[in-house]
Amino acid sequence: MSFEDIPVDVGVIYEGERIRWPNTYVELGGPRIEYKFEIVKSRDMSEIEDGKVTIIGPDITDVEAGTSLPFGMYIEVAGKEVEADLEGVIERRLHEYCNFIQGFMHINQRYDIHLRLSKASVKKGMNSYKLIGKVIMRLYKTDMPLIEKIQMTFITDPEKVKEMHAEAVEIYNARDARARGMKDDEADVFYGCALCQSFAPTHVCTITPQRYANCGAISWFDGRAAARIDPKGPIFAVEKDECLDEWKGEYSGVNEMSKEKTLGEVKRVWLYTAFGYPHTSCGCFEAIAFYVPEVDGLGIVDRDFKGKTVNGLPFSTMADTTAGGTQVDGFHGLSIEYMRSPKFLQVDGGWDRIVWLPKKIKDRLIDFIPEDLVDKIPTEEAVTNVQGLKAYLEDQQHPVVDRWKAPPEAAPEEAVEAMEEAPEFSTLAAFPRLSATAGGFKFTFENVRIHADRVRIQRVEKQG
Amino acid sequence: MSKKTSPLDVFNLLPKTNCGKCGEDTCFAFATKVADRKVDLELCTPLFEEKNYKENLGNLEVLLRPAVREIRLRSTGEEVRIGGKTVMFRHEFRYDNPTSIAISVSDTMPEDEMLLKVKKASEWGYRYIGMDLSLDLIAVRSNSNDPMQFRDRVKKISDNTQMPMMLCSFSPEVIEQGLLALEGETPLIYAANRENWKEMSQLSIKYGCPLVVSAPNDLDQLRSLTASLMEEGIENLVLDPGTMPDEGLRDTINNFTMLRRSATRKEDDLSGFPLLGAPISAWCEEDEEPEIKAWKESYIASMLMSRYADILIINSIEMWSLLPIVIWRTNIYTDPVKPVMVEPGLRKYGDPGRDSPVLYTTNFALTFYTVQEDFKDLDCYLLVIDTEGISVESAVAGGKLTAEKVAEAIKETGIEDMVDHRKIVSPGLAARISGETEMESGWDVIVGPKDSAGIKTLLDKKFYQ
Amino acid sequence: MAEEERKRNTLDRGLLKWLEGVKNLEIEDVDFVIDRLEFTLPTQIFRPPLLPKEVLPTGKPKGILTSEFSIPVDTYRGGVTEVVLGATKSEGGTRSRTITVGGSKTPAFYAFEDEKPNPPVIVGDVFDMKVSLPKPVREHFGEVLEDPAEWARVYVEKFDVDMIDLELISTDPLINDTPISESAKLVEEVLQAVDVPIVIGGSGSPKKDGDLLSKMAEVAEGERVLLSSATPDLYKPIAEAAKKHDHSVLSWTSLDINQQKELNRNLLEYLPKERIIIDPTSAALGYGIEYAFTIMERMRLSALWADEELQMPMAAATSNSWAAREAWRKDHDLGPRNLRGPLWETTSALTFLLAGVDMFIMLHPAAIRTVKEVAGWLMKENAEKTQKNWLDLEAV
């Protein structure tokens, strides 16, 4: 793939380039402009003229240097494997491809885009969107062979931008709704991802529409696109085969795949629970659901949370237990998006079982937490330790309280008593035998007489 | 076969009082750390001190017992732990307790020579990626077979080193004198065999010291002896399946492998003890030059370390033959999940001046070493950024290598006072943050090649102009 | 010590007997009269002793309890493929014999699983230009280092290697940019000079290696060489050339098992697995060797689990071990480097041998000799089983 016909250089090294205002020839979109968008639409093969670039409104050099414009990029793709579900994935590449062009900067996505073309690049000859279109389309076709035909439209006419912006927003919303609305039993296949196996040989993620990948980076749609784009890559389709348990999320196809990919270590997977045969994690999960035995509930902590959580352990310590591709009850790696899913830990009670989470996460997920639970689940602002947690949950009548069979015993008292007694009765066996390694002091009393007003001997029952 | 103990299982056997004596806020927090083998169970003092927890303690010890038991040797000041492996392969879970290296001396050596060797072994050190590597034990062999001479020598050694010891003789009388000389310590007894096992077992019990079981190249006998000793109530055992050099290597490697697999994959308790290798056996060959013997001893040691040896008896104290073993030990015992890091900060190569190039990279050890190879012939400055040991590509993706971090490093290292220009070369894979880095630092960023091998060309093209 | 413990235990037991039926007992106005009371105050965190507290010689058993060790054999679904390199006259080449790499059906040297492996293949590393080699290596070759064909001959005749790796690094546009036609001549020269199968290596330049190795494949047609290497950035032309001219390909990635699988998948589009050898990168001892070791162990296990993408034999270039400064640096404290360096390479090689590597590209003759020797011993069945009595070694 060469770009010798393009007046500027194209390559990965320009990816992080920033164009400052004084160097800007034209700014497209951005915070000063109300309407801007970029969108990819899948079409039938017959509807597209491969390689065509249409410009609606002024071209680059039709405006003065230093102008800001409303802007839309409209890309239409077609191919045997191309379908509407892949549009979002394809669209996400625009950011990269624009940035590869020397002197061309692209920030954000969708209806927030902000682009700048440098004066230097215009001087070199980048004077038309046709050239930008050429590069982008060439990159698409090389990287994604499933795109057989592609055409682009650049819109800089304010009226047209505004009109198409409205359409674009509708499409974005529809996509999101579909993504969130799609159910696991609607999917024809799931997707497996072994990207992390370099770090965790016995881990493989199963990505379903209602269970996002633990790393938070790959949705089922992304998985689908990736498997099509790079069938030799680390993401692959997984046949569901027989649904062994719909509630727990057990599928024979998933079990088979897991057994094979983990060299036999993980034989069964229940997708929607943190216990029994939970989905494993490598090391890059966004958050952990951890069991809090004192209240029989699950706490949540995310990677960015600093300091101790309600159980006294920070994310980093619990991450070690969670990671490594093993199935450990009560330590479950997850992505933030999974917490928005209706199937979120459904076997364990879903949000009814969540007893604590960081404020930042609560705020992010506020729309997905059942309304009646919102005040009942504390964050680090209200509760920082287990005793406080218990009190809070009880006070708020959190659903998890129903799970408590009996109020907790006055265990601490008993323990103290036992300690007071032991030294007095069990002679030296209670004191650890002094070994010279400990170093210290040895007290020897000879010819001792101890008088006690009262001595009590009490049987203490076995515990645990 | 479970490599990871469930924190829940541990928790259920703890006092569950949240008394905090262990240093954690809750019993569950403690259980999590114990299950991950980050802290010792002994920190929960109530568990050990109170009789009502006795059964739980017993169950916990069984639950937490690694597939290969751990034994501990003690001198008056130090403790060395041997064994304690939970898995067969390091990629399943990190190996704990790096293989102990025991340097051998004999009780018939001239005393000053013996003490000199002991001193060398005790003081041996090598600095490697910020760690001070050292040796672990002194193994005293009785050639004299004279109990009192042995006692005398053992005492002298003990007075001259902090290292725990290993007492080597098949004679119970000799061993007993050695044990008396080391009262208050916990040395390792080598060894019980089919002739002396009854007497040795009694010594082990009487003096509370771990015992090696030796049955050269005979796993049935090794197992029988182990079973008999366990029947006597001894659990602190180490297995010596025999180390045979040259043609014997086949059986040696085979035996170690079979034992470790039995312990970790077939749940065979009688195989679940630390393994002792004796590369020193390479010195038995009469007609070879000392260099050849040391050479063989060294590679046998490294091979046995790769194949599950938990303790090695070595004769040569020469740096050239010991260093590869000690380095390999450090390498094989790193946690495969945690990246190896180098110290972040400023490095200089050659003789950099005020107009020399400034470059940056991450502190992932592999990245650093590779990059360093390409820089060492240049006169330049290299900023090593702390990305917690993550490589460039992953660090950019994971937000560990950021424009802010680079700007911070520039400030902290004071590089601005060392050069007159304001140009910094970034790794090719950090192109994505180049613009932001310029904004944060005020320096110009030249995006370098993906592979540091191309650095010279790039500097010629873009830096030196 | 044991006696005191026995006393303590007796006292405990006595007390317990006395307390047998007790739930709640109160005694008032009581005197304890004790001969001797001892307790200790440790200054360190104490660790309780590890022996069971109540171990007493039980007096049994009388004899050894016999117990048989059960050989822990596993079964595997797959195994490592065999790759054949070189071709004799009857096969269309001019080599004196062919070399078979790989083929193991168990993890490395699991003799107890009845493994009968092919011996590891030792390849002498030759460069097509003068390179800076450490002194311990140079002194074994002297002047031939400037004449690749002679250098190759010394390896074969003096040090008994199985193959030669001719590395055409001077072709790198950033080094000498040697024209491909010249390299072609050199390859022919080397094929004349030695009659062992060869590896032909490029310089690693993604711009040139494709054309270079394609041409070399043509030149060496009939000899079934190993083309080194295909990488994630450049594999198509090399794979095509191998397919066209009947050679094998070395599949090289940088310590990343996923990357390796992907590259292999791509190569399998052109070649059968019998014509691919894996090079996962053999990092130097002290400079990343554990990554290589673990990846190699995992790859061997995957091959045995019939993961088709990893069922190829593995190669390791132990010449890399010389990158460690501990290997070549002149440092009195570290001991003589003519021993230290070769031992560094030897240790690396044997480590990889035990991880499952089948082919070694090596530099130093002492390391070469040791690997051959050790591999021979590991494979020799029914050897003399002599246990050495090291305990009685006089001071050495």
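Residues numbered from 1 in each chain as written. Chains lettered and ligands numbered in written order. Predicted model: local features only at pLDDT ≥ 70, side-chain atom pairs only at ≥ 80, totals over all residues. Heavy atoms only, no water.

*Asks:* Is there a simple way to think about the side chain of B:Ser452 in this case?
*Replies:* All names here are of chain B. Position of Ser 452 relative to the elements: it lies in the loop between β17 (444-447) and α17 (455-463). For Ser 452, a relative accessible area of 11% gives the class buried. If near-sequence neighbours (up to four positions away) are discounted, Ser 452 is found in contact with Thr 370, Val 371, Asp 374 and Phe 375. (Helix = DSSP H or I, 4+ residues; strand = E, 2+ residues; numbered from the N terminus. Buried < 20%, exposed > 50% of the residue type's maximum accessible area, 1.4 Å probe, protein only. Contact = heavy atoms within 4.5 Å.)

*Asks:* Just checking my understanding: could you explain the pairing of strand β8 (residues 149-155) of chain A for this structure?
*Replies:* Where a strand is regular, its side chains alternate between the two sheet faces. Residues and elements named next belong to chain A. Extensive coverage of β8 is indicated by the burial of six of its seven residues. Examined bridge by bridge, strand β3 (residues 53-56) and β8 share four bridges and lie parallel to one another. Within the sheet, the bridge partner assigned to Val 53 lies in β8 and is Met 152. Here strand β5 (residues 71-78) pairs with β8 via seven bridges, running antiparallel. Considered in β8, the bridge of Met 73 is made with Phe 154. (Pairing = 2+ DSSP bridges.)

*Asks:* What is the right way to look at the sheet that holds strand β12 (residues 311-314) of chain B in this model?
*Replies:* Sheets are built from strands that pair by backbone hydrogen bonding, the pairs being arranged parallel or antiparallel. All names here are of chain B. Reading across from one edge, β10-β9-β8-β7-β6-β3-β12-β11 is the order of the eight strands in this open sheet, with parallel pairing throughout. This sheet does not close on itself; its edge strands, each paired only once, are β10 (237-240) and β11 (276-277). Bridge count for strand β9 (residues 211-214) against β10 is four bridges, and the pairing is parallel. Residue pairing for β10: Val 213 is matched across the bridge by Leu 239.

*Asks:* What am I meant to see in the pattern of salt bridges here?
*Replies:* When their charged atoms lie close together, side chains carrying opposite charge are able to pair. Summed over all chains, the structure comprises 80 salt bridges over all chains. A salt bridge links A:Arg228 to A:Glu83, with the shortest nitrogen-to-oxygen separation between them at 3.7 Å. With a gap of 145 residues between them, A:Arg228 in helix α5 (residues 220-229) and A:Glu83 in the loop between β5 and α1 (87-100) connect regions that are remote in the sequence. Under the relative-accessibility criterion, A:Arg228 is labelled partly exposed at 22%. Between B:Asp96 and B:Arg94 there is a salt bridge; the shortest N-O distance is 3.0 Å. You'll find B:Asp96 and B:Arg94 in the same group, each marked buried. Taken together, the shared-partner salt bridges connect B:Asp40, B:Glu42, B:Glu70, B:Arg72, B:Arg74, B:Glu79 and B:Arg81 into one network. (Salt bridge = Lys/Arg side-chain N within 4 Å of Asp/Glu carboxyl O.)

*Asks:* What should I look at first to understand the sheet that holds strand β1 (residues 24-29) of chain A in this one?
*Replies:* Residue and element names in this part refer to chain A. What the four strands build is an open sheet, ordered β4-β1-β7-β6; its pairing is mixed. Each of the sheet's edge strands pairs with one partner strand only, and the pair in question is β4 (67-69) and β6 (104-107). Going across the sheet, the axis of each strand differs from the next one's by a mean of 15°, ignoring polarity. With four bridges joining them, β6 and strand β7 (residues 114-118) adopt antiparallel strand pairing. Each bridged residue has a counterpart across the sheet, and for His 106 the counterpart in β7 is Leu 115. Of the strands in this sheet, β6 and β7 touch α1, which is tilted by about 160° from β6. (Axes fitted to C-alpha atoms, helices over the stretch in contact; angles between N-to-C directions.)

*Asks:* Would you mind showing me how to read the domain arrangement of chain B here?
*Replies:* Accessible area lost when the parts come together is the quantity often used to give the size of an interface. Residue and element names in this part refer to chain B. Along its sequence, chain B is organised into domain 1 (7-64), domain 2 (70-332) and domain 3 (345-463). Averaged C-alpha coordinates put domain 1 and domain 2 at centres separated by 31 Å. In this complex, domain 1 contributes four residues to the contact, which on the side of domain 2 involves six residues. Both faces combined, the contact of domain 1 with domain 2 buries some 390 Å², and carbon together with sulfur accounts for 32% of it. Linking domain 1 with domain 2 are two salt bridges, by the criterion used here. Here Glu 42 and Arg 72 are joined by a salt bridge, their closest N and O atoms 3.7 Å apart. When grouped by side-chain class, the residues that make up the side of domain 1 that touches domain 2 number no nonpolar, no polar and four charged. (Domains from an automatic or database assignment. Buried area = accessible area lost by both parts, 1.4 Å probe. Nonpolar A, V, L, I, M, F, W, Y, C, P; charged D, E, K, R; others polar.)

*Asks:* Would you mind going over the packing of helix α6 (residues 147-160) of chain B against helix α7 (residues 172-181) of chain B with me for this structure?
*Replies:* Geometry of a packed helix pair, given as the angle between the helix axes and the separation of the axes. Residue and element names in this part refer to chain B. Between α6 and α7, the least distance of the axes is 8 Å, while the angle of their chain directions is 30°. Compared by their axis directions, α6 and α7 come out roughly parallel. In the crossing of α6 with α7, the sense of the turn from one axis to the other is right-handed. Along the contact surface, α6 presents Pro 147, Met 148, Phe 150, Arg 151, Val 154 and Lys 155, while α7 presents Glu 173, Val 174, Gln 177, Gly 178, Leu 180 and Ala 181. Counted by class, the contact of α6 with α7 contains seven nonpolar, two polar and three charged residues. (Parallel < 35°, antiparallel > 145°, perpendicular 65-115°, else oblique. Left-handed = near helix turned anticlockwise from the far one by under 90°.)

*Asks:* Can you help me understand the interface of chain C and chain B in this one?
*Replies:* The partner chain B presents 101 residues to the 86 residues of chain C that form the contact. Surface buried jointly by chain C and chain B totals about 8,600 Å² across both partners, of which 63% is contributed by carbon and sulfur atoms. Of all residues in chain C, C:Phe69, C:Trp377 and C:Trp390 bury the most surface against chain B, accounting for 10% of the area lost on that side. Where chain C packs against chain B, one counts five salt bridges. A salt bridge links C:Glu113 to B:Arg261, with the shortest nitrogen-to-oxygen separation between them at 2.7 Å. Put simply, the parts of the chain that give the side of chain C that touches chain B at least two residues each are α8 (289-304), α9 (325-328), α10 (337-355) and α11 (365-379) of chain C. Per-element tally for the side of chain C that touches chain B: the top contributor is α10(C), with 10 residues.

*Asks:* Just to check I follow, could you spell out the state of the cysteines for this structure?
*Replies:* Linking two cysteines covalently through their sulfur atoms gives a disulfide. The final tally for this structure, using the stated rule, is zero disulfides over all chains. The thiol of B:Cys44 is not disulfide-bonded; the next cysteine sulfur, from B:Cys19, is found 6.2 Å away. (Disulfide = S-S within 2.5 Å.)

*Asks:* Would you explain the environment of B:Lys155 in this entry?
*Replies:* Residue and element names in this part refer to chain B. When you line up the elements, Lys 155 lands in helix α6. Judged by relative accessible area, which is 39%, Lys 155 ranks as partly exposed. The spacing of Lys 155 and Glu 24 is 131 residues in sequence and 41 Å in space, taken between C-alpha atoms.

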